[in-house]
Amino acid sequence: MSNVLFQTIDQISREKGIDQQVVIDAIEDAIVAASRKYFKTEEELRSRINPESGEIEVFGVKKVVENVEDEILEISLEEAQALRDGVQVDDELEFQKPTEGLGRIAAQMAKQVIFQKVREAERESVYAEYHEHVGEIVNCIVKRFENGDIIVELGKTEGRLPRREQSRLESFTVGDRMRVVIVRVEKTTRGPQVIVSRADSILVQNLFQTEVPEIYDGTVQIRSIAREAGERTKIAVASRERDVDPVGACVGMKGSRVQSIIRELRGEKIDIIQWSDDLETFATNAISPAQVSRVSILDTPNVERENDGEPFRVMEIVVEDSQLSLAIGKKGQNVRLASKLIGWRIDIKSEAEKRAEIEDQIGRLQTATPLESIEGLTPGIINKLALAEITTVEQLADLAPEDLEALPGIGGKTIDKIRDELSEYYAAMPTYEDELERSTQERMFGRSEEDGSGSKSVQPESLEPESISENGVPENSSAESEAAAPPETSDADTPPVQAGDSVSDAEGEVNEVAEAVTTEAAEITGDTESK
């Protein structure tokens, strides 16, 4: 019987892939549970397999104490010493129980306990085995389909290939063999669930290691991979030896190596890119096949990622207008993969967009008005706005009340004060019509600024006789013209009137002030004739 029992234990352990001691412990626990139900006792029971006879023995266990409080679990020191010599306090005594009376019901219960224990041990064994191989490539066979997921046979257990881990270019039937990546192992009520993938970039990396000997022996290294399964993959490679071309080694003779990988991936496009320690060069290679004009690194220390809190690293790539669509790719795929490959966020702009942006920045710098120009704004308000990077009147005017409320330290009363001060500031500014009238008058009657020796009048030689005579002013009346000329009203930047300009020409330029100009000219003529 001994040989039969232990042969059975050995067979179960080999079939289930678990240790023999686990099976033995499961049998002993099952016998204890069956015996407890049979004897209907609360005492502590212990089971043990006799290695010589192969029989399963059951013992009741009592603890040796000086003062007995529970007769079921404890025994006094005097009674224990009478049963066995050398017994001390806190020792345990075993009393063998008869097992001949254990019937069919107890055996059935023991069987269920054994199955449960063995199943739990098997699950732990499977979890431990496949958990150690996460990230590795395994071969499997398609077993069945469940709600779009593919169930594959991995050997000791089944794996699940979810729909999101499948490539849209691939389709399989029951019995097909495939290579998958073990991405994780989950514990469920039905046992360990192994999740595999055909969309992980590790699959592409393993395929290159299999097809390219230089990658397998470490001569060529895969530095980065970005993949969108079923669409396109970008892989950056570098060589540890100067004489080895990493891109050529991956492509192979007439593309034989990379074509083998493309067939395995059911036609997925693969871009093999030269790795470079120089970031701008690497970015230029990553955005291929588009031609890059220039690459700029943008400093954005205040922008952080949502997931890890690290600052964004942003670069700007400028391409020719004709290369913009090629650089972006279909639905942004090319620039998205390049961004994943480099690990930076990439902003793609055409030459025209960059030129317009620069012109806009120059225009903003030229027209920027500091907030200190609004006298009603207190230094406290200006400082709060400056913390939000609002430093000009133009920026403040572009903000809506909702935007101001979002700024720290800006409340409802402050928003009302800012609105009132802005209104007063723009109301005090000259209107377009006032500026136009002032500019016209300065052009007509412009004179030089007065210096220390007096005012300088327009010389009669600079005026054409025809224009003077048409207005009734004699040709040789320079003195009268000087006396009748109005005082200078122009600024230093306004040029004086040139010879040949007439009142009618000025009227044609500015219709809004025609009446005022005609009145001025009539007064000049009347004063001259009276003199």
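J.: What am I meant to see in the overall build of the protein chain here?
T.: From N to C terminus, the protein chain includes 21 helices and 15 strands. Here the protein chain, with 531 residues, has 34% of them falling under the buried criterion. Summarising the internal contacts of the protein chain: among those between residues at least 6 apart in sequence, 60% fall at separations of at least 24.

J.: Whenever I open this one, the packing of aromatic side chains confuses me. Can you help?
T.: Pairs of aromatic rings are described using the distance from one ring centre to the other and the angle between the two planes. Counted according to the given criterion, the structure contains one aromatic pair. On the basis of an interplanar angle of 50° and a centroid distance of 4.5 Å, the ring pair of W275 and F282 is categorised as tilted. By relative accessible area, F282 is classed as buried at 2%. Of note, K187 hangs over the ring of Y127, and the distance from its end group to the ring centre comes to 4.6 Å.

J.: Mind showing me how you'd approach the nonpolar core here?
T.: If you look at soluble globular proteins, the nonpolar side chains tend to sit buried side by side. Within the largest apolar cluster, 22 residues are counted, with the highest numbers of intra-cluster contacts made by M315, I317, L341, I342, I346 and I348. Taken together, the elements giving at least two residues each to this core come down to α9 (279–286), β14 (314–319), α10 (324–328), α11 (333–342) and β15 (345–350). Excluding residues within four positions of it along the chain, M315 makes contact with L279, A283, V295, S296, I297, L298, I342, W344, R345, I346 and D347. Counting 20 residues, the second largest nonpolar core, distinct from the first, contains A249, V258, I270 and I272.

J.: How should the sheet that holds strand β5 (residues 137–146) be read in this particular structure?
T.: Strand pairs in the sheet, formed through backbone hydrogen bonds, run parallel or antiparallel to each other. The five strands lie next to each other as β5-β6-β7-β9-β8, forming a closed barrel whose pairing is mixed. Each neighbouring strand pair of the sheet contributes to a mean axis angle of 50°, computed without reference to strand direction. As defined by bridge partners, strand β7 (residues 158–161) adjoins strand β9 (residues 191–197) across two bridges and the pair is classed as parallel. Residue R160 lies in a different strand from β9, and its bridge partner there is I195. Sheet contacts for helix α5 (residues 201–211): β5 and β8 (177–188); angle to β8, the most-contacted strand, approximately 140°.

J.: Would you mind going over the sheet that holds strand β13 (residues 292–298) with me for this structure?
T.: Strands sit in the order β13-β14-β15 across an open sheet of three strands; the sheet is mixed. A strand with exactly one partner marks an edge of an open sheet, and here the two such strands are β13 and β15. Each neighbouring strand pair of the sheet contributes to a mean axis angle of 20°, computed without reference to strand direction. Relative to β15, β14 is paired through six bridges, and the arrangement is parallel. Paired with V319 across the two strands is S350, which belongs to β15.

J.: I'm lost on the confidence of the model for the protein chain in this one. Help?
T.: Detailed reading of the predicted coordinates is not advisable wherever pLDDT falls low. Averaged over all residues, the pLDDT of the protein chain equals 76, while 75% of them reach at least 70. Across the protein chain, strand β11 (residues 232–239) holds the top mean pLDDT of 93, while helix α19 (residues 478–484) sits lowest at 37. Confidence drops under pLDDT 50 across residues 301–308; counting only partners more than four residues distant or on other chains, this segment forms 13 contacts. Confidence over residues 524–531 falls short of pLDDT 50; this stretch has 14 contacts with residues more than four positions distant or in other chains.

J.: What am I meant to see in the pattern of salt bridges here?
T.: Per the stated rule, a full pass over the model turns up 27 salt bridges. D149 serves as the salt-bridge partner of R160, at 3.2 Å between the closest nitrogen and oxygen. Taken together, the positions of R160 in strand β7 and D149 in strand β6 (residues 149–153) put the pair 11 residues apart, joining distant regions of the chain. Of the charged contacts, one joins R198 and E170 as a salt bridge, the two residues approaching to 2.5 Å between their closest N and O atoms. Within this pair, whereas R198 is found in the loop between β9 and α5, its partner E170 is found in the loop between β7 and β8, the two being separated by 28 residues in sequence. Counted as one network, the salt bridges with shared partners bring together K143, R144, E146, D149, E153, E158 and R160.

J.: For this particular structure, what's the right way to read the side chain of T233?
T.: With respect to the helices and strands, T233 occurs in strand β11. Discounting chain neighbours no more than four positions away, the residues touching T233 are V204, I225, A226, R227, E268, K269, I270 and D271.

J.: Where do I start with the pairing of β5 in this structure?
T.: Walk down a regular strand and you will see the side chains alternate between the two sheet faces. In this sheet, β8 lies alongside β5 in antiparallel orientation, the contact comprising five bridges. In the strand pairing of β8, I137 is matched with V181. Relative to β6, β5 runs antiparallel, the two being bridged by five bridges. Each residue of the ladder has a partner; that of I141, found in β6, is E153. Linkage of β5 to β6, two consecutive antiparallel strands, is achieved through a turn of two residues, within which N147 is found at a positive phi near 50°.

J.: What am I meant to see in the pairing of β7 here?
T.: Direction of pairing for β6 relative to β7: antiparallel, over a ladder of four bridges. Bridge pairing links V152 to G159 in β7. Hairpin connection between β6 and β7: a loop of four residues separates the two successive antiparallel strands, and G155 in this loop has a positive phi of roughly 125°.

J.: What am I meant to see in the environment of A388 here?
T.: One can find A388 in the loop between α13 (379–387) and α14 (393–397). A residue is classified by how much of its surface remains accessible, and A388, at 28% relative accessible area, is partly exposed. Between the C-alpha atoms of A388 and L407, which are 19 residues apart in sequence, the distance is 7.0 Å.

Rules used in this analysis
- Every chain's residues receive numbers from 1 upward, in the order its sequence appears when written.
- The predicted nature of this model means local features are confined to residues of pLDDT at least 70 and side-chain atom pairs, given and counted, to a pLDDT of 80 or more, with totals for whole chains, interfaces and linings taken over all residues.
- Values shown for side chains rest on all heavy atoms present in the structure; no hydrogens or waters enter the calculation.
- Helix and strand definitions here come from DSSP, where helices need a minimum of 4 consecutive H or I residues and strands a minimum of 2 consecutive E residues; each element is numbered from the N-terminal end.
- Classification of residues uses two cut-offs on accessible area relative to the type maximum, computed with a 1.4 Å probe and protein chains only: under 20% is buried, over 50% is exposed, and between them is partly exposed.
- Note on contacts: a residue pair is in contact if any heavy atoms of the two residues lie within 4.5 Å.
- Two aromatic rings from Phe, Tyr or Trp, using only the six-membered ring of Trp, form a pair when their centres are within 6.5 Å; if the ring planes differ by under 30 degrees the pair is stacked, by over 60 it is edge-to-face, and anything between is tilted.
- Two conditions define a charge located above a ring, namely a distance within 6 Å from the ring centre to NZ of Lys or CZ of Arg, and an angle within 35 degrees of the ring normal.
- Within this scheme, the nonpolar core is defined by two criteria: the residues are buried Ala, Val, Leu, Ile, Met, Phe, Trp, Tyr or Cys, and they are joined through side-chain atoms within 4.5 Å.
- Think of it this way: DSSP has to see at least two bridges between two strands before they count as a pair.
- Whenever a helix is involved, its axis is fitted only over the stretch in contact; in every case the axis is a line through C-alpha atoms, and angles between N-to-C directions fall within 0 to 180 degrees.
- Looking at any residue, its pLDDT shows the predictor's confidence there, from 0 to 100.
- Just to be clear on terms, a salt bridge is a Lys or Arg side-chain nitrogen sitting within 4 Å of an Asp or Glu carboxyl oxygen.

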